[in-house]
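Inside the fold
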Amino acid sequence: MFTVCQSCGICCASFRVDFAVEESQEQGGSVPEGLVVEVNARLRRMRGTDHSPPRCAALTGTLGERVACGIYEWRPSPCREFEAGSAACLQARTRRGLSNALLFE
Ligand code: SF4
Ligand code: SF4
């Protein structure tokens, strides 16, 4: 995780995280099965990301203080592709009242 992400974790508690079934362990991928829920024949979802409020079951720690992804090496592609400092990142942080200044230092 980026340094700023280690004191954030907001994106892991804001969005549904869906990915192709091939990324899950059941199909030879890397995402641990216990953290995955079935959406349909083609799609899987990180457990907890469709709860209200959402929070990925793989996220440990306290949002906005200190967090870690428990499956960082094995996380699915949406997590790998989500960029710190992107519009979605900044919007999610702003919604939770976090300053974005750190991202631009
Ligand atoms: S919301 Fe942005 S800063 Fe926070 S963990 Fe996600 S990518 Fe990192
Ligand atoms: S798998 Fe890791 S990076 Fe992806 S949403 Fe869950 S805690 Fe965040």
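Everything that follows concerns the structure shown earlier in this document.
Remember, it's a predicted structure, so these values are computed and weren't measured experimentally. (Residues numbered from 1 in each chain as written. Chains lettered and ligands numbered in written order. Predicted model: local features only at pLDDT ≥ 70, side-chain atom pairs only at ≥ 80, totals over all residues. Heavy atoms only, no water.)

1. Some points on the environment of D18
- Within the fold, D18 resides in strand 1 (residues 18-20).
- Overall, the relative accessible area of 25% leaves D18 in the partly exposed class.
- Placed 29 residues apart in sequence, D18 and R47 show a C-alpha to C-alpha distance of 9.7 Å.
- Setting aside anything within four residues of it in sequence, one finds D18 in contact with V39, L43, R44, R45 and P78.
- At 2.6 Å, the side chain of D18 forms a polar contact with the side chain of R45. (Helix = DSSP H or I, 4+ residues; strand = E, 2+ residues; numbered from the N terminus. Buried < 20%, exposed > 50% of the residue type's maximum accessible area, 1.4 Å probe, protein only. Contact = heavy atoms within 4.5 Å. Polar contact = N/O pair within 3.5 Å; in protein donor to acceptor, adjacent residues only side chain to side chain.)

2. Focus on the nonpolar core
- Core analysis: the largest hydrophobic core is formed by 12 residues, namely C12, V17, F19, V31, L35, V36, M46, C56, A58, L59, V67 and I71.
- Contact partners of F19, with chain neighbours within four places excluded, come to S24, V31, V36, R42, L43, R44, R45, M46, P76 and P78. (Core = buried A, V, L, I, M, F, W, Y, C linked by side-chain atoms within 4.5 Å.)

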